[in-house]
Amino acid sequence: MQHNVQGSINAFLQLMSTQQMQRVLGLCPNGEGAEHSMMEDFECGRISTEYFVETIRGAAHQGTTAEQVINAWQTMHGGIPQWKLEQLRLWHNLGHHLLLLSNNNPLHHLDIVTRYDLSMFDHCFFSHLMHL
């Protein structure tokens, strides 16, 4: 998958200060994620989507909605380029066994499984479901 980390950072900076973004979310302005952060907890399935969104809302500017937080987070997911999907389908059609391993979270996962046909994979491993 492609990532749009800078786009997500820019979206979060519309909702909160740089310090709050780093402290609460664990997302640094340079695009790096802090270890032992809420972002890591979310991607490892240790916290719920509701907790994730509401904690960020609590640190954001007054009046920030859950939808704004979710949209800022979803900006990070840049999608899967068509050429990569076509290559994977080709390998699958040639009889290769494909596995998907994704550092993921419930919000990006929902987007992925509704937007893309993952039937080419023999099995999909998502970090938030494995708690890793």
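Residues numbered from 1 in each chain as written. Predicted model: local features only at pLDDT ≥ 70, side-chain atom pairs only at ≥ 80, totals over all residues. Heavy atoms only, no water.

1. A closer look at the nonpolar core
Argument step 1. Judged by nonpolar contacts, the single largest core of 22 residues is most densely connected at F12, L25, L27, F52, I56 and W73.
Argument step 2. The greatest single-element share of this core, amounting to four residues, is contributed by helix α4 (residues 49-59). (Core = buried A, V, L, I, M, F, W, Y, C linked by side-chain atoms within 4.5 Å. Buried < 20%, exposed > 50% of the residue type's maximum accessible area, 1.4 Å probe, protein only. Helix = DSSP H or I, 4+ residues; strand = E, 2+ residues; numbered from the N terminus.)

2. As for the side chain of H77
Argument step 1. Note that H77 resides in the loop between α5 (66-74) and α6 (82-93).
Argument step 2. A polar contact of 2.8 Å, which involves the side chain of H77, links it to the backbone nitrogen of G79.
Argument step 3. Once residues lying within four places of it in the same chain are set aside, the contact partners of H77 are M1, Q2, H108, D111, I112 and Y116. (Polar contact = N/O pair within 3.5 Å; in protein donor to acceptor, adjacent residues only side chain to side chain. Contact = heavy atoms within 4.5 Å.)

3. Remarks on the confidence of the model for the protein chain
Argument step 1. Taken over all residues, the pLDDT of the protein chain has a mean of 91, while the share at 70 or more is 96%.
Argument step 2. Taking the mean pLDDT of every element in the protein chain, the minimum, 88, falls on helix α2 (residues 18-25) and the maximum, 96, on α5. (pLDDT = per-residue confidence, 0-100.)

4. Details of α6
Argument step 1. Along its 12 residues, α6 runs 16 Å from first to last C-alpha, staying within 8% of the 16 Å computed at 1.5 Å per residue.
Argument step 2. One or two residues past the end of α6 sits G95, with phi positive at roughly 95°. (Expected span 1.5 Å × (residues − 1).)

5. Section: the packing of α2 against α4
Argument step 1. Closest axis-to-axis distance for the α2/α4 pair is 10 Å, and the angle between their directions is 150°. Our classification of the angle between α2 and α4 gives roughly antiparallel. In the crossing of α2 with α4, the sense of the turn from one axis to the other is right-handed. From α2, Q20, V24 and L25 reach across to α4, where they touch F52, T55, I56 and A59.
Argument step 2. Its residues placed into classes, the contact of α2 with α4 shows five nonpolar, two polar and no charged. (Axes fitted to C-alpha atoms, helices over the stretch in contact; angles between N-to-C directions. Parallel < 35°, antiparallel > 145°, perpendicular 65-115°, else oblique. Left-handed = near helix turned anticlockwise from the far one by under 90°. Nonpolar A, V, L, I, M, F, W, Y, C, P; charged D, E, K, R; others polar.)

6. A look at the packing of aromatic side chains
Any two aromatic rings considered together are summarised by their centre-to-centre distance and by the angle between their planes.
Argument step 1. Across all of its chains, the model carries three aromatic pairs by this definition.
Argument step 2. On the basis of an interplanar angle of 70° and a centroid distance of 5.0 Å, the ring pair of F52 and W73 is categorised as edge-to-face. Of this pair, F52 sits in helix α4 while W73 sits in helix α5, placing them 21 residues apart in sequence. Both residues of the pair, F52 and W73, belong to the buried class.
Argument step 3. An aromatic cluster of three or more residues is present, and its members are F42, F52 and W73. (Phe/Tyr/Trp six-rings, centres within 6.5 Å; stacked < 30°, edge-to-face > 60°.)

7. Considerations on the side chain of S102
Argument step 1. Tracing the backbone through its elements, the reader meets S102 in strand β1 (residues 99-102).
Argument step 2. At a separation of 3.1 Å, a polar atom in the side chain of S102 contacts the side chain of N104.

8. Here we look at the packing of α5 against helix α7 (residues 106-115)
In helix packing, the relevant descriptors are the interaxial angle and the interaxial distance, both defined with respect to the helix axes.
Argument step 1. Running from N to C, α5 and α7 point in directions that differ by 70°, and their axes come no closer than 10 Å. The orientation of α5 with respect to α7, classified from their angle, is roughly perpendicular. Helix-helix and strand crossings are classified by hand; for α5 and α7 the assignment is right-handed. Packed against α5, whose contacting residues are I70, W73 and Q74, the element α7 presents L107, H108 and D111 at the interface.

9. Section: the layout of surface pockets
Argument step 1. Each pocket or cavity is described by its volume, and for the largest pocket that value is around 180 Å³.
Argument step 2. Lining the largest pocket are M1, H3, V5, E43, M76, H77, S102, N103, N104, N105, H108 and I112.
Argument step 3. Tallied by class, residues from the lining of the largest pocket come to four nonpolar, seven polar and one charged.
Argument step 4. By volume, the second largest pocket is sized at about 150 Å³.
Argument step 5. Considering the residues around the second largest pocket, the lining is formed by M1, I80, K84, L85, L88, L100, I112, D117, L118, M120 and F121.
Argument step 6. In terms of residues, the lining of the second largest pocket owes the most to one element, α6, which gives three residues.
Argument step 7. Split by residue class, the lining of the second largest pocket holds nine nonpolar, no polar and two charged. (1 Å grid on protein atoms, 1.4 Å probe; cavity = no way out; pocket = protein on both sides within 12 Å on 5 of 7 lines; lining within 4 Å. Points joined across faces, edges and corners; volume = space filled by probe spheres on them.)

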